[in-house]
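Structural overview for review
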Amino acid sequence: MNLYPLAGVAPAHLPRTLRILLENGLRHGTRTEELRNWVPGATGEIEVHPSRVFLHDTNGVPVLADLAAMRDAVIEAGGDPSTVDPVVPAELVIDHSVIADVFGRPDALQRNVELEYRRNSERYRFLRWGQQSFKGLKVVPPGSGIMHQVNLEYLARVVEERDGVVFPDLCLGTDSHTTMVNGLGVLGWGIGGIEAEAAMLGQSISMMIPPVAGVRLTGSLPAGATATDLVLTLTERLRCHGVVGKLVEFHGPGLTDLPVADRATIANMSPEFGSTAAWFPIDDQTLTYLTFTGRPTAQVRLVETYAKTQGLWHDPTATLRYDEDLTFDLATVVPSIAGPSRPDQRINLAEVKQSVGTTGAGLSDGAVVVAAITSCTNTSNPAVMVAAGLLAKAAVERGLVSRPWVKTTLSPGSRVVMRYLGEAGLTPYLEKLGFHLAGFGCMTCIGASGALIDDVAKTVREKGLSVAAVLSGNRNFEGRIQPDVRANYLASPPLVIAYALTGRMDVDLITEPLGLGTNAKPVYLKDIWPRPSEIDAVIREALRPEMFAEAYDGIFEGDERWQGLAEAARAETFAWDEESTYLRRPPYFDLPATPGDLEGARVLVRLGDSVTTDHLSPAGAIPPDSVAGRYLRELGVNELNTYASRRGNHLVMMRGAFGNLRLRNSLAGGIEGGVTRKDGELLTIFEAAMAYRNENVPVVVVAGQNYGTGSSRDWAAKGPALLGVRAVLAQSFERIHRSNLVGLGILPLEFLPGEGDDLTGEHPIDITLTDDGQGEGYATATSAGRSYRLRIRLDTPREHEYYRAGGVLPYVLARLGGGVISHAAAV
């Protein structure tokens, strides 16, 4: 086995995650001194070369559009367009475009797929062109599953051999939940789409050595507690502790009986508790999962041998050191949900009624109008999915039904799920409660939940009701799940069904009945909750390894609809249609680089804490009366579709920037939505930005803590960049979004502790950049006679280069012109 040995190179106490990064540096010949001499608290710049780049369609379309535009730019510069091709393997899964329009009926899947192809035919032809034109790109067509579940069950290598060299699978993806594969022992995390383009073309990802928080797991989950309850509890505690920008590495005796499916659920929600990654070491559970999901025996043996040779195998007796040490007892987990607007707002199930604070009946405040079993977070876990099926069976047998105002959907992340639910005979019971298969895609989890039931939507709007959604997803930010829904709660799949049965949040599921069953007899949750032995028995009998082999056979080929798009020519360049409302040639290579001081800048928006990328760039349905909606309607477009579907058209997306209906901009004086004030006049944010541009006035954003939390949405930076935003002044940044800002040439400035609260944004701002002579950059912002000190958040020398070049794309294009992109980066 040809490898880059760590024995005698890595300190014995080095955390396993950093061992992977050390091997990566040794193999690529980059700086490793700080890792080879690492002790807790050590820092230093490193370069990371992913072994593969992972994308989905809504981020993948703009990535491929940028690459297509880069090919055009290379031709215009007299170069060879074929040099713009992934030299690092890239895999793209189409899973973000299907919408839960049709639900609660046997033909829901078929109807939603038909609508998906009709709405997205232009985008899908473009992706088909990319599949045929870029040699280094593989595409998983629509209807195959959710990217992270497909990665977990099929794509992930864990250890790979390429060109005779064996090395760890290091996966960087354009979705923040790329971390899900950490549960399998693959180190991976989310990066911005701009960074992904650079990585695909062989550029390294420059970063500082992240602190590593070691979390020692003890005990085991008690009966009645699910992996969902576990991850919501960890999210609460780790977010409170503070792990933003850190690697979380799990270890300890609690791993022994914790299956990979539970680990993957935890790793999936790494972004929700703020860490860069949440990694589990390789052990017998890993090998069991790889074998069960159909990985070749030789590959499983390679994983075991390599992990043991390189110190990546979980040895409970190892004396590893971490920057921080935490302990978590699995036995302390209790049934829980989280909400109404953040994943870390965990609520004990016994305290939900008290927490909700509203009481009523039927369709009124506190009603549940969406109940969705959705997302790879939980549908990848057979235990919670079988529990949901068994609970549905028991409910139906006792005469319970879902409430008529609840929209019920089932959208698993893999075709395997429906195979084992069908094999176990549980599907009919789910369907009797309205949980018909709606699609194999993200759907409700990303806000592609479709409209509410017509009469329900009408009542909610007319009466101004505050209603709720309950979903088995990973995010519940306000305005994300459904425009008419204000409160969103995360719950395990069986609890999603329970809330569909009650139709209300103000019910104590511990002491109050779910409803009246046969003979008007009250039925309680405890009456229908399945025992662990029941769940285990069904999994043993219904879930078989060959189901995975069958589900993933020919995964890159697609169905007849996808094959029918083959007329997309295998051409080096893409033929842009200037009339298209979905795909336009991106303008990023035409934007001037404007680094430096700012004089007389105006604040476009003044935002508070925990502003999400959903606030900055919505993904859901485009409202007809929004700026983007009016623009499309003026062009004669009737079916507006979603923002996510139009990410290949900058003219739409820049109009959607800051377009969330729940955005709270203090300059707007308490009015929610995408509006601001300029010279005392209330304007849309787009109108104000264009007015400032016409006046040659630079604009900035001012915000509080945790700016840019949530999805790794590059349009949350692209949109502001196209509106002319030159800098963001915030009290703190989420990792991926800060990187995206740098990638677009927007300067992230972080207030020193205790500063910034009184910067109202109502007056012009002058910003002066300085260097302390020791490599630390600072800025002084002066407004209304008050000065503020800020740290320039260009964290590595490479980021300084990106900023001076005007962003990642101009930087990479310049290097392509110089012929310095090396195909050796693929190894």
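Above this text sits the structure in question.
Now for a look at the structure at hand.

The rules behind the values
- Residues numbered from 1 in each chain as written.
- Predicted model: local features only at pLDDT ≥ 70, side-chain atom pairs only at ≥ 80, totals over all residues.
- Heavy atoms only, no water.
- 1 Å grid on protein atoms, 1.4 Å probe; cavity = no way out; pocket = protein on both sides within 12 Å on 5 of 7 lines; lining within 4 Å.
- Points joined across faces, edges and corners; volume = space filled by probe spheres on them.
- Helix = DSSP H or I, 4+ residues; strand = E, 2+ residues; numbered from the N terminus.
- Nonpolar A, V, L, I, M, F, W, Y, C, P; charged D, E, K, R; others polar.
- Disulfide = S-S within 2.5 Å.
- Buried < 20%, exposed > 50% of the residue type's maximum accessible area, 1.4 Å probe, protein only.
- Pairing = 2+ DSSP bridges.
- Axes fitted to C-alpha atoms, helices over the stretch in contact; angles between N-to-C directions.
- Contact = heavy atoms within 4.5 Å.
- Salt bridge = Lys/Arg side-chain N within 4 Å of Asp/Glu carboxyl O.
- Parallel < 35°, antiparallel > 145°, perpendicular 65-115°, else oblique.

Within this model, the largest pocket holds a volume of roughly 1000 Å³. P259, D262, A383, D536 and I539 are the residues nearest the centre of the largest pocket, which is lined by 40 residues in total. Every element with two or more residues in the lining of the largest pocket is listed here: α8 (260-268), α10 (284-292), α14 (382-397) and α20 (532-542). Residue composition of the lining of the largest pocket, grouped by class: 24 nonpolar, 10 polar and 6 charged. In this structure, the second largest pocket spans a volume of roughly 760 Å³. In this structure, the second largest pocket is lined by 33 residues; those nearest its centre are M208, R738, R793, D795 and T796. Broken down by secondary-structure element, the contributors of at least two residues to the lining of the second largest pocket are β9 (205-208), α28 (735-743), β30 (786-792) and α29 (797-805). Among the residues making up the lining of the second largest pocket, the classes are represented as 14 nonpolar, 8 polar and 11 charged.

On to the state of the cysteines, then. Here is the idea: a disulfide is a covalent bond, and it sits between the sulfur atoms of two cysteines. Scanning the model with the defined rule gives 0 disulfides in all. In this structure C171 is not part of a disulfide, and its nearest cysteine sulfur, from C376, lies 13 Å away. Just so you know, C445 is unpaired, no disulfide at all, and the nearest cysteine sulfur is the one on C442, 6.6 Å from it. You can call C445 buried: its relative accessible area is 5%.

Covered by surrounding structure in strand β1 (residues 45-48) are I46 and V48 only, the residues E45 and E47 on the alternate face being uncovered. Across 4 bridges, the pairing between β1 and β9 is antiparallel. If you follow V48 over to β9, its bridge partner there is I205.

Below, the discussion takes up empty space enclosed by the protein. Throughout the structure, instances matching the rule amount to 7 cavities of 30 Å³ or more. Quantified by volume, the largest cavity comes out at close to 300 Å³. Contributing to the lining of the largest cavity are 32 residues, with H56, H96, D175, I446 and R480 lying nearest its centre. Among the secondary structure elements, those contributing two or more residues to the lining of the largest cavity are α3 (57-76) and α5 (147-155). Looking at the lining of the largest cavity residue by residue, the classes come out as 9 nonpolar, 17 polar and 6 charged. Lining the second largest cavity are 18 residues, with G479, P483, P618, G620 and A621 sitting closest to its centre. Its residues placed into classes, the lining of the second largest cavity shows 9 nonpolar, 6 polar and 3 charged.

The sheet built from 5 strands is open, its strands ordered β4-β3-β2-β7-β8 with parallel pairing. Both outer strands of the open sheet, β4 (137-140) and β8 (187-190), are each paired with one neighbouring strand and no more. Across the sheet, the mean angle from the axis of one strand to that of its neighbour is 20°, orientation sign disregarded. Two strands pair when backbone bridges link them, and strand β7 (residues 170-173) and β8 are joined in this way by 4 bridges, in the parallel orientation.

As a further point, take the sheet that holds strand β12 (residues 277-279). In spatial order, the strands read β12-β11-β10-β13; together these 4 strands make up an open sheet with parallel pairing. Two strands bound the open sheet, and with one partner strand each, they are β12 and β13 (324-329). Pairwise comparison of adjacent strand axes, ignoring direction, gives a mean angle of 20° for this sheet. In this sheet, strand β11 (residues 247-251) lies alongside strand β10 (residues 212-218) in parallel orientation, the contact comprising 5 bridges. Among the inter-strand pairings, V215 is bridged to a residue of β11, identified as F250. Helix α7 (residues 227-241) contacts β10, β11 and β13 of the sheet and is inclined by roughly 150° relative to β13.

Evaluated as defined, the whole model comprises 49 salt bridges. In this structure, R119 and D101 form a salt bridge, with 2.5 Å as the shortest nitrogen-oxygen distance. Placement of R119 in helix α4 (residues 108-133) and of D101 in the loop between β3 (90-93) and α4 is noted, with a sequence separation of 18 residues between them. On the accessibility criterion, R119 (14% relative accessible area) is buried. A salt bridge links R342 to D344; the shortest N-O distance between them is 3.1 Å. According to the relative accessible area criterion, D344 is buried, its value standing at 19%. Residues joined in a network through salt bridges with shared partners are R52, E91, R157, E160, R162 and D169.

Let us now look at unusual backbone geometry. In this chain, G339 is followed by P340 through a cis amide linkage whose omega measures 15°. Here P340 is to be found in the loop between β14 (336-338) and β15 (346-348). One non-glycine residue with positive phi stands out, namely S375, at about 80°. The class of S375 is buried, set by a relative accessible area of 1%. Positioned with a positive phi, N696 is a non-glycine residue whose angle comes to about 60°. Inspection of the secondary structure puts N696 in the loop between α26 (685-694) and β25 (699-702). N696 gets classed as exposed once you look at its relative accessible area, which sits at 72%.

Now for the packing of α14 against helix α18 (residues 493-502). Taken N-terminus to C-terminus, the directions of α14 and α18 make an angle of 30°; their axes are 7 Å apart at the nearest point. The pairing of α14 with α18 is recorded here as roughly parallel in orientation. Across from V384, M385, A387, A388, L391, A392 and A395 in α14, the residues of α18 making contact are P493, P494, I497, A498 and L501. When grouped by side-chain class, the residues that make up the contact of α14 with α18 number 12 nonpolar, no polar and no charged.

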